[in-house]
Amino acid sequence: EDLGGELGAVAAALDAARRRTTARVSTLERAAAEQDAIFQSMGTGLLALDRDHRVLSMNRAAAALLHVDAASARGRLVEEIVREAELNDFVREAIDSAEPVTREFRVGAGEHAAIVQASSEPLREGEDRPAGLLVTLTDVTTLRQLETLRSDFVANVSHELRTPITNIKGYVDTLIQVGVEDHEQTARFLEIIHRNAHRLASIIEDLLLLARLEQQGVRERVEMK
């Protein structure tokens, strides 16, 4: 009877330990699933590599940006799955660097081309030993296109402003030099000056409207965050 009681107690203890272990495993699995869901749903591309340049993990954003299949990429060399010289050069530089590295380069071609900003952070394991590299990939194509458009716009506006200002200055200088005795010519000059002043005011109004729209857009982006 004592032996049976002892065996029963051992069995109960083992069963309780099994239930605790199962609960802990379930908790760890849920936490891992949650972390993977966050990792996969991030809009920024994330690429984890070991020190031999083999892919440890890759989220959907990185796979879409690099046009590769994330599942088949695991365990393979990044140079093997991504034939992008600048990205591979970046990986080699970042692996050898003790500090974070940031570079910007183009990936893809044709309609799939994108300008990517890549940043690296070292991966560490126990006792802070280097284990590899975490690379973030941000698509900045639209941003760079907008910057180019802004630059072109500023150049065009500068030209547009220069023309009426030059005309106004030229006709005012002429009036100062020759006087206003010739009323017909003076009236014609003033009409030209008036027309160019209106053109100048219209350009400035467009610039002010653009500035207001940009400020509104900035405020909306801040409020959305």
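We now turn to the structure provided with this report. (Residues numbered from 1 in each chain as written. Predicted model: local features only at pLDDT ≥ 70, side-chain atom pairs only at ≥ 80, totals over all residues. Heavy atoms only, no water.)

1. What about the pairing of strand E5 (residues 130–139)?
Here comes step 1: As defined by bridge partners, strand E1 (residues 45–50) adjoins E5 across six bridges and the pair is classed as antiparallel. Residue Leu 46 lies in a different strand from E5, and its bridge partner there is Thr 136.
Here comes step 2: Pairing between strand E4 (residues 114–124) and E5: nine bridges, direction antiparallel. Bridged to Ala 118 within E5 is Leu 137. (Pairing = 2+ DSSP bridges. Helix = DSSP H or I, 4+ residues; strand = E, 2+ residues; numbered from the N terminus.)

2. As for the pattern of salt bridges
Here comes step 1: A complete count under the given rule lists nine salt bridges for this structure.
Here comes step 2: In this structure, Arg 92 engages Asp 89 in a salt bridge whose closest nitrogen and oxygen atoms are separated by 2.3 Å. One end of the pair, Arg 92, and the other, Asp 89, are both in helix H5 (residues 85–96), three residues apart, so they sit about a helical turn from each other.
Here comes step 3: The exposure class assigned to Arg 92 is partly exposed, which follows from its relative accessible area of 36%. (Salt bridge = Lys/Arg side-chain N within 4 Å of Asp/Glu carboxyl O. Buried < 20%, exposed > 50% of the residue type's maximum accessible area, 1.4 Å probe, protein only.)

3. Observations concerning the side chain of Asn 88
Here comes step 1: In this structure, Asn 88 sits in helix H5.
Here comes step 2: The contacts of Asn 88, once residues within four sequence positions are left out, are Val 78, Glu 79 and Val 82. (Contact = heavy atoms within 4.5 Å.)

4. Side note on the side chain of His 53
Here comes step 1: Of note, His 53 is situated in the loop between E1 and strand E2 (55–58).
Here comes step 2: Of note is the side chain of His 53, whose polar atom sits 2.6 Å from the side chain of Glu 79.
Here comes step 3: If near-sequence neighbours (up to four positions away) are discounted, His 53 is found in contact with Arg 76, Leu 77, Val 78, Glu 79, Val 91, Arg 92 and Ile 95. (Polar contact = N/O pair within 3.5 Å; in protein donor to acceptor, adjacent residues only side chain to side chain.)

5. With respect to the sheet that holds E2
Here comes step 1: Taken in spatial order, the five strands of this open sheet run E2-E1-E5-E4-E3, and their pairing is antiparallel. Of all strands in the sheet, those bounded by a partner on one side alone are E2 and strand E3 (102–107). Each strand of the sheet is rotated relative to its neighbour by a mean of 25 degrees, with strand direction disregarded.
Here comes step 2: Across the sheet, H5 lies against E1, E3, E4 and E5, angled at about 160 degrees from E3, the strand it touches most.
Here comes step 3: Relative to E4, helix H6 (residues 141–178) is tilted by about 135 degrees, and along the sheet it contacts E3, E4 and E5. (Axes fitted to C-alpha atoms, helices over the stretch in contact; angles between N-to-C directions.)

6. Observations regarding the nonpolar core
Here comes step 1: One finds Met 58, Leu 87, Phe 90 and Leu 137 to be the most contacted residues of the largest nonpolar core, which totals 27 residues.
Here comes step 2: Mapped by element, the contributors of at least two residues to this core are E1, E2, helix H2 (60–66), helix H4 (78–81), H5, E3, E4 and E5.
Here comes step 3: A total of five residues in this core trace back to one element, the largest contributor, which is H5.
Here comes step 4: In this structure Phe 90 touches Val 101, Thr 102, Arg 103, Phe 105, Ala 118, Ser 119, Ser 120 and Val 135, once residues within four positions along its chain are discounted.
Here comes step 5: Core analysis: the next-biggest nonpolar cluster, separate from the first, contains five residues, Leu 175, Phe 189, Ile 193 and Leu 200 among them. (Core = buried A, V, L, I, M, F, W, Y, C linked by side-chain atoms within 4.5 Å.)

7. Digging into unusual backbone geometry
Here comes step 1: Positioned with a positive phi, His 53 is a non-glycine residue whose angle comes to about 75 degrees.
Here comes step 2: Relative accessible area serves as the criterion here: at 12%, His 53 is assigned to the buried category.

8. Looking at H6
Here comes step 1: Between the first and last C-alpha of H6 there are 56 Å, a value that for 38 residues agrees with the 56 Å anticipated at 1.5 Å per step.
Here comes step 2: Listing the buried residues of H6 in full gives Thr 141, Arg 144, Val 157, Pro 164, Ile 168 and Leu 175.
Here comes step 3: At the exit of H6 stands Gly 179, carrying a positive phi of roughly 85 degrees. (Expected span 1.5 Å × (residues − 1).)

9. A word on the packing of aromatic side chains
Here comes step 1: Per the counting criterion, the structure on display carries two aromatic pairs.
Here comes step 2: On the basis of an interplanar angle of 50 degrees and a centroid distance of 6.2 Å, the ring pair of Phe 90 and Phe 105 is categorised as tilted. Here Phe 90, found in helix H5, pairs with Phe 105, found in strand E3; they are 15 residues apart in sequence, far enough to count as distant.
Here comes step 3: On the basis of relative accessibility, which here comes to 2%, the residue Phe 90 falls in the buried class.
Here comes step 4: Ring plane angle 65 degrees and centroid distance 4.9 Å describe the contact between Tyr 171 and Phe 189, whose orientation is recorded as edge-to-face. Of this pair, Tyr 171 sits in helix H6 while Phe 189 sits in helix H7 (residues 183–224), placing them 18 residues apart in sequence.
Here comes step 5: For Tyr 171, a relative accessible area of 24% corresponds to the partly exposed category. (Phe/Tyr/Trp six-rings, centres within 6.5 Å; stacked < 30°, edge-to-face > 60°.)

10. Observations concerning the environment of Leu 47
Here comes step 1: Tracing the sequence through the fold places Leu 47 in strand E1.
Here comes step 2: A relative accessible area of 0% means that Leu 47 is categorised as buried.
Here comes step 3: Sequence separation between Leu 47 and Leu 137 is 90 residues; the distance between their C-alpha atoms is 7.8 Å.
Here comes step 4: Filtering out sequence-adjacent residues up to four positions away, Leu 47 remains in contact with Val 55, Ser 57, Met 58, Val 78, Leu 133, Leu 134 and Val 135.

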